[in-house]
Every structure is written in C-alpha cells, then in structure tokens.
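Listed below, chain by chain, are the residues.
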Amino acid sequence: MSTFAKPENALKRAEELINVGQKQDALQALHDLITSKRYRAWQKPLEKIMFKYVELCVDLRRGRFAKDGLIQYRIVCQQVNVNSLEEVIKHFMHLSTEKAEQARSQAEALEEALDVDDLEADKRPEDLMLSYVSGEKGKDRSDRELVTPWFKFLWETYRTVLEILRNNSKLEALYAMTAHRAFQFCKQYKRTTEFRRLCEIIRNHLANLNKYRDQRDRPDISAPESLQLYLDTRFEQLKVATELELWQEAFRSIEDIHGLMFMVKKTPKASLMVVYYAKLTEIFWISSSHLYHAYAWLKLFTLQKSFNKNLSQKDLQMIASSVVLAALAVAPYDHTQGASHLELENEKERNMRMANLIGFNLDLKPESREVLSRSSLLSELVSKGVMSCATQEVKDLYHLLEHEFLPLDLTAKVQPMLSKISKLGGKLASASSVPEVHLSQYVTALEKLATLRLLKQVSHVYQTMKIESLSQMIPFFDFSAVEKISVDAVKYKFIAMKLDHMKHAVLFDTQDLESDGLRDHLNVFAESLNKARAMIYPPTKKSSKLGEILPGLGEIVDKEHKRLLARKSIIEKRKEEQERQLLEMEREEESRKLKQQKITEEVEKKRLAAEYEQRNKQRILREIEERELEEAQALLEEQEKRSKRKGGKKPILEGEKVTKQILMERALSEQLRERQEMEKKLQKLVKTMDYLERAKREEAAPLIEAAFQQRLVEEKALHEHEQQQEIELSRQRHDGDLKEKNRLSRILENKIIFEERVQSRREAEFNQRRAEREERINQIIQVRKQEREALRKKIFFVRSEEEILKRLREEEEARKLEETERRRKEEAERKAKLDEIAEKQRQRERELDEKERLRREALLVRATDGPSRSSELPAGPEPGAAAPAAAAAAAAAPAPGKYVPKFRLGGTEGSAQAQSSARPAPSDTDRWSSARQTPFRYRPVEQWWPF
C-alpha cells in the first residue's frame, strides 16, 4: 500500500498511471488513499480525487470499489460538507447513465448496419454456428455483449447510491432524486424484475427507519419537507408500477402510501390524493373488484369536485358518468351468500382493509358488514348528487336497470343506450390526474347486469320458457355465456331457475310466501288499498263535548295542572337519569372504541410484520432460485457450446425443467461419455498409425540404402577436395611466414638492446621498492614489540594489585573469623558460668524452701502442743534482750530477693545458723506477717551479672 504526503500526489500518480494505460493500478492507488485512516478530514483536493476515482470505477465497471470509496467519503464529509458528497454522487450517476446510453446507441447503430448489409453473403461459418447454438438474433447478441454489462453496472450504481444515502436527514433530497431516476430507468427499459427489487429496497429502508429510532441524523417523517419527499417517491413508484402493468407491486405501493399516511397521521395534498384514487380505480378494475373500483371513483369524484377549481362541466359530467357506470357494473347479488364462517370473516377483514385504503371507516360490528355494498353505494350516489351530474344516457340507463320492470323489452331498450355510452369518453382537459375516461370498459359488465335483470324479471312473470325465446331476448351473449351467468346467479341465490336441455326449456321455480319479492309486492298492494279506502271513505269528525265538560272544568284544570307538574318532575328526573346513562354509555363507547382501535392497530401491525417476513422469505427463496437458475443456465450454455463445438446433440431437451443438480449429473455423464469416445478414437488412431508406420518403413528401406550409398560417394569426393584445399592453404601460410621472418630479422639486435634496458630499469625499481618494504616492515615489528612489552607490564601490574587485594581480603576475613570464633567461645563460657551460678542459686533456694518448710511444720507442732505444755516450758529471755540479737541477725542476714556472692554467703553462714538457733521462735502473728513479706523472685541473668 503506497502512502502519499499530500492527496495531490496521489492524484498526480493516478494520472501518470492512466497516461501509460494502467487504469487498474491508478484505481487501486486512489482506493488506498480514500480508505486510509490518515485522511479522515475533508479537504478540497479530496473532491477532485473522488471525481477521478468514480470516473475510473465507471470506466472499469468496478461497482464494489465505487461503493467502498463513496462510503468512506460519506464518513469524511457528512458532518462538514454534504454538498460535496452530492456532487460526487451526481457525477457518478451521470457517468454511469452516459456509458449505458452510449452502449445502447452503439448496439442500435450496429443493428442498423446489420439490417443494411446482406447477412447471408457475409456471414462466416463461426457466426452461423454461434447463431445455431445460441438461437439468438444479431440484436439480442449485441445487446448481451454491449448493452447488458453497462445496464447491470447502472443498476448496481442506483442500488449503491440508495444504500449510501438511506435514512439521512441531510441527504433526503438526493435520495428522492436517485429513487426517481431509478424508477425512470426501470420504466424506460421495461425492467420489471429490477423494479420489484427497487421497491423492496425502498420499503426496507423505511422499515429500518422506524425500527432504529436512535440513529444519528435520522430524518423526521412528521416534518412537512421530509413527508413530501417520501410521498413523492411513493407516488412515483405507484405511477411507474401501473405503467409497467405490475399490478401487484402497484397495490403494495398503495399500501405503502396508506401506511405512511397512517404513520404520520396527516393527509397529503388533494392533488396527490387524486393520483392515489385514480391509480386505485385502475388496480381494482384489473383485479375485478368492481365494488371497490366504484367506491374509489366516488372518492375521486368528490376530490375533483371539491378541490379542482378549473374542472369544466363536461369533465365533471364524464367523471360522474364513470362513477355511476362503475356502481352499476357491480354484481347485484352478494358473493358471501352461503359462505362459511371462515370465509365470512376473511371477507370482513378484506372489506376492512379495502375500506381503510379507500378512506371509509368501518366498525367491527357484525351489522356493519354490509356497509360497502352496491345498494348503499347507489343510494349514496343519489344523495350526494352524483347522479344529477351524469350524462342523460347514463341516467336513463340507471333508471332502466334499477327501477323499471320490462321483462320483454329490457334488452331492446338497453342495447342502443350501451352503444351510445361506448362512444363517450376521451381525454379530460381540466383533470390532469385523470387523463382519460373510457366508458366503453363498462359495457361488458353492464350487458351482464342487463342479462341478470332480464332473468330476474322473467322469473317473476314466467314459470317455463323455451331456450330459443330466451336467447332471442338476450342479444348480447350466446346462450353458453347466458348459462354461465345464470349459474353464478343461482349459486348466490339471486334467481331460482333450472335448464332442461332435453326439453330445450328454462324452468323458473315458484317462490313461497316468505320470499322477499312476493312479500314486497304484498306490502305495496296493502299500502295502495289503504290509500284507496281512505279516499273513498274519509274519516268522520266527532261532535264536540264542550258543553258536558264545562261544569267541572275548574276541578279538571287543577287536577290536570297537578298531574302535569308531577309528570314534569318525573320527566326531568328521567331526563337526568337518561343523560347520566348516555354519558356513561358514551364513556364506555369511547373506551371500547379506543380498545378496539388499539386491537385493530396491533392486528394490522402483526399482519404487516407477518407479510413483511413472508415477503422477505419469498424474496430470499426467489433470489436463491434465480441464482441457481442462472448458474444452471451458464452451465447449460457452456455444455451446449461444448457439444456444438464437438458436433454432438443438445444435452437438454426444450421445455424440460433444468436444475443445477441435473446439469451437473448430465455434465458428468457427458464427460464420461466423451472420455470413452476419446479412448476409442485413440485406440483406433494407434492401430492406424501402427499400420501406416510399418508400411512407410517397408517402402523406405531400399530408398534409404540407395540414398546412403550415394551420400558416401558424395562425401568422399567432398573430403578429398577439402583436403587438397587445406594442403594448398598450409603451403601458402608457410611461405608467408618465411617472408615475414626474413623481414623482421633486421631489427633483432635493436630488440635485444631494448629488452635489456627495460629489464635493468625494472630490476632497479624492484630492488628499491623491496628495500623500502623491508624497512617499513622492520618499523612495524619494532612498534608491535614495544606495544606487547607495555601490555605485558600492564597485565603484570594489574595481576599483582589483584593478588595483594585478594591477600588482604583473605587476611581480613580470617581475622574476622577468629574474632567471631573467640566471641562465640567467650559467650559460651559466659553462658556456662551463668547457668552454673543460676543452678547453684536454684539449689540454695530449694534448700531454703525446704528449711522454711521444716521450720513451719515445727512451728505448727509447737502451736498445737503449746497450751498444754505452757507451764512446763522454761522462762525465755526477756523481750528487750532478744531484740538486739534479732536486730543483729536481721542486719547480718541478706535482704530477701537480693543476690549474695558465695564467698560472702559462706562467711556468714555459721553466725546466721547460730543466731537462728539461739533466737526464740517468733510468735504466730510475727510468723505469718513475715511469711507475707515479699518472697524470693527469680531474676534474669542480665540482672545477676554486674555488666
């Protein structure tokens, strides 16, 4: 990866590579620069680099490189200069479109040239073989070779740009412009598959926008500008879908627009809604949903009449006629008649969906199932004045089909009206969103309606009718078509009839008294009789009884007044109660509606999510199938080329279902068959070559021998001739050398003199240089001897110093070791002495303790024997005489707990014993008080030793 100090250097390097024809290397250099982390700040040169980069990507058709570069450039300039990114993307799309147009024009020019030339005369054998193999014409082949790669690249360009610009509030306008150009591309070149994928891509972008709401630079759909861009894109998608006749995709576009309006809770402009309902009418008519088609026309009429100020009376009349005819084209019977509960629920859900799309709000009540019906639609047309705006032919037709009872003349009167109506229609001048109105498209449905009305009215009049008569009464269809129409009418209980083909008769069943038709007739008849009786016998007026009432009028008035007051209070209470109940009912109804609305929204969300998931699965499966089909097609083409090149037959029959596995198996079997055929051919060729080689050798042997003998003779003659020439050349060279020797012999002496002079000069120079070299070597040797001597002295001095230091260290260590040993011995001796002294001290303490114990025992014995023998004891000394002796003994005796040396202890031992023996025994109080004195305590050795 090459690095550049400045972006301009990369651009210059790319231009140099382009000039020498290395566009791929130039593209790689610019790609490395753009994707480098070094240039993440926007600069003006980066824009020029991006222009050159997209030009190279378009020239080389490198869509992946273009996508990577544009993504990196978006990261660089998204927060700084979005306009630069817009310019680069516009330039990229312009170049791609221009290249595609050039390829298309080139292919068209090539096709024109092919049309002009004589194709049969100028065709080459390989062209004929290629045309037979591929089965294509010249234009198809040129399109595939020239146009298709550029169209693929242009489609990839649109996808790349949409992926880069998606869900960014700063790039909304460019995203909408790119989507519009992609729609126009699909429309111009009739690319239905790419259009479906494009719609799915835009749909996924909107779904991701709603899913990830915490995204940075996320566009706000509720903003008027953003909403208008999104709606314009969806309406353009709807228009292109209808022009390409992709009705399913158009209906999904309608759902997208409705979902967008439901999401933002806003209604678009009236001009957009006119387009919305105009496309809805087309979609519903194609899908044979005539009821929804009529409702969409009604909505369209309402919008045009309310918001289009430039609408002329003629255009309004045409639109109103379309509304009325669309309503009449709806089948007059209910298709849900006799359906199961599941089918009714599905139909109800479908009605809800369609009503939401059209703009009618339906409740989920069971009785509201018939809101979207033909009868309610016709009554709404009359009440809203649509019927009054229609043409006179349409009014007459409506009155004839809906209100007249003409079982014999109905079709005769309807047919001329239908012929007039079929000629009406055309372009509308003031309704731009509804360019044309074709009333002729309703003729077939109206003929079917007239047939049903005729059958219905005939069933009221006749019980049996011949098939021929009925066929003559219905000039619109053959009797087979009438039979199909009657079967559907009987199925949905519109009429009751049977066909007897053996008798060639139509049997109409008699209806019982509970039937709707007969009951209506009886009601009308009863009302007419009541009116006639009232006219013939008017009611008589009763005479006044005022005279009878006057006497008790006051009392009656008072009673009536009281009754009215009581009734008034009761009414007020009832009103209050009723108002309270109404408020409660309104609250309950409101809460119920809110709950129902939430349930409906959740159901709708789940349905949309399920449909989206299903569409994703179908799309993935479809893409997998398409990929496998493309791979199978590539394998098939390769196999066909191989088989045609080798003169074989086609491996796949026409119309057979081709899969990748089948092609692989057949390719393997074909390779095995070819290998076997090749081996057989090789064996046959080996045998043929063997025969040919043997025959050639047999025929060539005598010829080779004759050629060899002839060549020997020729070579012998050639050898003798060349030898003679060599002898002659040697003789000539010898003579020339002798002449040269005689010519040079005159300067031989001068040569010898010159050689001697040169040798002497060179010898002197050699001797001089040798002496200089020996002198230089001797100097070098002397210097090296001095250096070695100095080095030896230095080494000796260093070693001597090291030995001295080592000896001093050893002496110091020995001295320290002796000192340590001496101290250890002294310490051991000292400890031994101390242990001995301590042992003696402990021995003496034990002796003293033993003596003390014995003395105490003796004292205890005396104390017990004293009272009995007190009279027998001799008189002791006086206390005053004994006191000095005790004091002297106490002074002589060592203090308790104090260390006394042995020599001192020995000197006083006898006197102490004598004193103790002479001293009288202390009294009990003295004895026990002395015992309470401080006893001997063991002291550590440090206190015993004086130092």
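Scroll up to find the structure.
The sections below set out a description of the structure shown in this document. (Residues numbered from 1 in each chain as written. Predicted model: local features only at pLDDT ≥ 70, side-chain atom pairs only at ≥ 80, totals over all residues. Heavy atoms only, no water.)

### Some words on the overall build of the protein chain
Now for step 1: Of regular secondary structure, the protein chain possesses 33 helices and five strands.
Now for step 2: A buried classification covers 29% of the 947 residues belonging to the protein chain.
Now for step 3: Here the analysis covers contacts within the protein chain between residues at least 6 apart in sequence; of these, 72% occur between residues at least 24 apart.
Now for step 4: Total accessible area computed for the protein chain in this model is approximately 65200 Å², and 54% of it derives from carbon and sulfur atoms. (Helix = DSSP H or I, 4+ residues; strand = E, 2+ residues; numbered from the N terminus. Buried < 20%, exposed > 50% of the residue type's maximum accessible area, 1.4 Å probe, protein only. Contact = heavy atoms within 4.5 Å. Areas by Shrake-Rupley, 256 points an atom, 1.4 Å probe, with all protein chains shown as cover.)

### Remarks on helix H16 (residues 341-358)
Now for step 1: Taking 1.5 Å of rise per residue, the 18 residues of H16 would be expected to cover 26 Å, and the 25 Å separating its terminal C-alpha atoms lies within 8% of that figure.
Now for step 2: Along H16, the positions that sit buried rather than exposed are Lys 348, Asn 351, Met 352, Met 354, Ala 355, Leu 357 and Ile 358.
Now for step 3: Tucked into the core, H16 has its buried residues touching helix H12 (247-264), helix H13 (270-286) and helix H14 (290-307).
Now for step 4: After H16 finishes, the residue Gly 359 shows a positive phi value of roughly 115°. (Expected span 1.5 Å × (residues − 1).)

### A short note on unusual backbone geometry
Now for step 1: Even without being glycine, Lys 190 reaches a positive phi, approximately 55°.
Now for step 2: Residue classification places Lys 190 among the exposed residues on the basis of a relative accessible area of 58%.
Now for step 3: The phi angle at His 504 is positive, at roughly 55°, despite the residue not being glycine.
Now for step 4: Structurally, His 504 is set in the loop between strand E4 (497-500) and strand E5 (505-508).
Now for step 5: His 504 gets classed as exposed once you look at its relative accessible area, which sits at 54%.

### Notes on a nonpolar patch on the surface
Now for step 1: Where nonpolar side chains cluster on the molecular surface, the patch consists of Met 678, Leu 682, Leu 685, Met 689 and Leu 692 and spans about 490 Å² of accessible area.
Now for step 2: By the element assignment, Leu 682 lies in helix H27 (residues 660-744).
Now for step 3: Note on Leu 682: relative accessible area 45%, which makes it partly exposed. (Patch = residues over 30% accessible without salt bridge, like charges linked within 9 Å, V, L, I, M, F, W, Y side chains within 5 Å. Salt bridge = Lys/Arg side-chain N within 4 Å of Asp/Glu carboxyl O.)

### Remarks on the pattern of salt bridges
Now for step 1: The final tally for this structure, using the stated rule, is 46 salt bridges.
Now for step 2: Salt-bridge contacts for Arg 203 lead to Glu 200; the nearest nitrogen and oxygen are separated by 3.2 Å. Here the residue Arg 203 and the residue Glu 200 both occupy positions in helix H10 (residues 192-211), the gap between them amounting to three residues, near one helical turn.
Now for step 3: Take Arg 203: its relative accessible area is 9%, and that puts it in the buried class.
Now for step 4: According to the relative accessible area criterion, Glu 200 is buried, its value standing at 6%.
Now for step 5: Shared partners join several salt bridges into a network, and the residues in it are Glu 200, Arg 203, Glu 249, Arg 252 and Asp 256.

### Things to note about the side chain of His 293
Now for step 1: Relative to the assigned elements, His 293 resides in helix H14.
Now for step 2: Owing to a relative accessible area of 1%, His 293 belongs among the buried residues under this scheme.
Now for step 3: Excluding residues within four positions of it along the chain, His 293 makes contact with Thr 281, Phe 284, Trp 285, Ala 326 and Tyr 442.

### Quick notes on the packing of aromatic side chains
Both the distance between ring centres and the angle between the ring planes are used here to describe each pair of aromatic rings.
Now for step 1: Summed over the entire model, instances satisfying the criterion amount to 13 aromatic pairs.
Now for step 2: Relative to Phe 153, the ring of Phe 92 has its centre 6.3 Å away and its plane inclined at 85°; by these criteria the two rings are edge-to-face. Of this pair, Phe 92 sits in helix H5 (residues 82-116) while Phe 153 sits in helix H8 (residues 138-165); the two residues are 61 residues apart in sequence, bridging distant segments of the chain.
Now for step 3: Its relative accessible area of 1% is what places Phe 92 among the buried residues.
Now for step 4: A residue is classified by how much of its surface remains accessible, and Phe 153, at 3% relative accessible area, is buried.
Now for step 5: Judged by centre distance (5.4 Å) and plane angle (15°), the ring pair of Tyr 333 and Tyr 492 falls under stacked. Highlighted residues: Tyr 333 in the loop between helix H15 (313-328) and H16 and Tyr 492 in the loop between helix H23 (479-491) and E4, separated in sequence by 159 residues.
Now for step 6: Aromatic rings pair up to connect Phe 151, Tyr 158, Phe 185 and Tyr 189 into one cluster.
Now for step 7: Positioned above the aromatic ring of Phe 494 is the side chain of Lys 456, whose terminal nitrogen or guanidinium carbon lies 5.2 Å from the ring centre. (Phe/Tyr/Trp six-rings, centres within 6.5 Å; stacked < 30°, edge-to-face > 60°. Lys NZ or Arg CZ within 6 Å of the ring centre and 35° of its normal.)

### Thoughts on the environment of Leu 272
Now for step 1: Examined against the element boundaries, Leu 272 turns out to sit in helix H13.
Now for step 2: The residues touching Leu 272, leaving out its near neighbours within four places in the chain, are Gln 228, Leu 231, Asp 232 and Phe 235.

### Topic: the pairing of E5
Now for step 1: Two elements, strand E3 (residues 464-466) and E5, share three bridges in a ladder whose sense is antiparallel. Within the sheet, the bridge partner assigned to Thr 464 lies in E5 and is Leu 507.
Now for step 2: Sheet topology places E4 next to E5; four bridges connect them, and they run antiparallel. In the strand pairing of E5, Leu 499 is matched with Val 506.
Now for step 3: As consecutive antiparallel partners, E4 and E5 are separated by four residues, and within that stretch His 504 has a phi angle of approximately 55°, a positive value. (Pairing = 2+ DSSP bridges.)

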